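# A closer look at the structure
Now for the letters of each chain:
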Amino acid sequence: MTAILYDAQGPRAKRRNVLYTVVFLVALAALVWWVYTALDDKGQLAWALWKPFFGSEAYTTYIWPGLQNTLKAAALAMVIALPLGAVFGIARLSDHVWVRVPATVVVEFFRAIPVLVLMIFGNELYSQYTNVSSDDRPLYAVVTGLVLYNASVLAEIVRAGILALPKGQSEAAMAIGLRKGQVMRIVLLPQAVTAMLPAIVSQLVVVVKDTALGGAVLTFPELLASANTMSGYYGANTIASFTVVAVIFVAVNFSLTSFASWLEGRLRRRKKSTGAVLGVEDTVDIAGHAGAGTAA
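This write-up is about the structure you can find in this document. Predicted model, so just to flag it, every value in this text is computed and none were measured.

Below, the discussion takes up the pattern of salt bridges. Summed over all chains, the structure comprises 5 salt bridges. The shortest N-O distance in the salt bridge between Arg 111 and Glu 156 comes to 3.9 Å. Highlighted residues: Arg 111 in helix α4 (residues 97-112) and Glu 156 in helix α6 (residues 137-163), separated in sequence by 45 residues. Residue Arg 111 is classed as partly exposed on the basis of its relative accessible area of 34%. Through salt bridges with shared partners, a single network forms among Arg 92, Glu 108, Arg 111, Glu 156 and Arg 159.

This is the structure:
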């Protein structure tokens, strides 16, 4: 029996896949057991190290303030980077050289620089040339670095999403008299948004994780930086502290991905269900307008 993308497995292939699965599960169980015994031998699984995380003090004092700063920086960066990236992505598709070339230079330049370098430059910029206080400077620097880098990445996502649409979409829109700006705003962007949504959310996950760079270098009090302080306060329980923080990062990013999948499915279903049924009068009216346009 043949499937659409591959031939169905025969008896030998099925036995081989079962064998591979068993070997993988045995190797995974051995790895988990090795990690468990190694941590147990070092005393990292002692109840005294994990007990603080079953109360409210660790969360209200360290984790929740750090998580707030992480989400605040990520939200500010994404709110600014999304429209900025859309503008530069559309500008790269412009027919005018004086628009397309500068947009290309800006996007390629900031996309090639590491986020950490942009954060450090931003911190020095705010320190030397602005009146931003030392308490707010790490947040400004982190947001600036995230905006510059992720706006350039989002510009490429927008450009790729628009170019992925069939050319007949824009040709048909221009054939009925729409201008280039109207074609982009009314026809291309609404269709490209659904296709771009998974990539945009993936970039949002990257933004959330990259806030940790500010905590490591610029003393920005985000979630990962709170783990260091928390670990020292509770007796150097480094493994426990970073495990809890890692679980929180996984939960936040998984929530974002799940929301994006739900939103993408909703948008696709809504597009399929918005077709209008035209009556005879509507058809005659459209035909009359089309004939008048052709005569003109």
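Let's pick the thread back up.
This part is about the packing of helix α7 (residues 167-175) against helix α8 (residues 180-217). It is at 10 Å that the axes of α7 and α8 come closest, and there the two elements cross at 140°. Judged by the inter-axis angle, α7 sits oblique to α8. For α7 against α8, the interelement crossing comes out right-handed. For the pair formed by α7 and α8, the contact residues are Gln 169, Ser 170, Ala 173 and Met 174 on the first element and Lys 180, Val 183, Val 187, Leu 188 and Gln 191 on the second.

In terms of nonpolar packing, the biggest core is built from 49 residues, with Phe 53, Ile 63, Val 142, Leu 146, Leu 188, Leu 223 and Met 230 touching the most fellow members. Secondary-structure elements contributing two or more residues to this core are α2 (47-50), α3 (57-91), α5 (115-129), α6, α8, α9 (223-233) and α10 (238-272). The element best represented in this core is α6, accounting for 12 residues. The residues touching Ile 63, leaving out its near neighbours within four places in the chain, are Phe 53, Ala 58, Leu 223, Ser 226, Met 230, Val 244 and Ile 248.

A cluster of nonpolar side chains, contributed by Phe 24, Leu 25, Leu 28, Leu 31, Val 32, Trp 34 and Val 35, occupies part of the molecular surface with about 710 Å² of accessible area. Mapped onto the elements, Leu 28 comes out in helix α1 (residues 11-41).

With a phi angle near 55°, Thr 219 is a residue other than glycine that sits in the positive phi range. In this structure, Thr 219 sits in the loop between α8 and α9.

Here the focus is the environment of Lys 51. Relative to the helices and strands, Lys 51 resides in the loop between α2 and α3. On the basis of relative accessible area, Lys 51 is assigned to the exposed category, the value being 52%. Each C-alpha atom of the pair Lys 51 and Tyr 234 lies 9.7 Å from the other, and the pair is 183 residues apart in sequence.

Calculation notes
Residues numbered from 1 in each chain as written. Predicted model: local features only at pLDDT ≥ 70, side-chain atom pairs only at ≥ 80, totals over all residues. Heavy atoms only, no water. Salt bridge = Lys/Arg side-chain N within 4 Å of Asp/Glu carboxyl O. Helix = DSSP H or I, 4+ residues; strand = E, 2+ residues; numbered from the N terminus. Buried < 20%, exposed > 50% of the residue type's maximum accessible area, 1.4 Å probe, protein only. Axes fitted to C-alpha atoms, helices over the stretch in contact; angles between N-to-C directions. Parallel < 35°, antiparallel > 145°, perpendicular 65-115°, else oblique. Left-handed = near helix turned anticlockwise from the far one by under 90°. Contact = heavy atoms within 4.5 Å. Core = buried A, V, L, I, M, F, W, Y, C linked by side-chain atoms within 4.5 Å. Patch = residues over 30% accessible without salt bridge, like charges linked within 9 Å, V, L, I, M, F, W, Y side chains within 5 Å. Areas by Shrake-Rupley, 256 points an atom, 1.4 Å probe, with all protein chains shown as cover.

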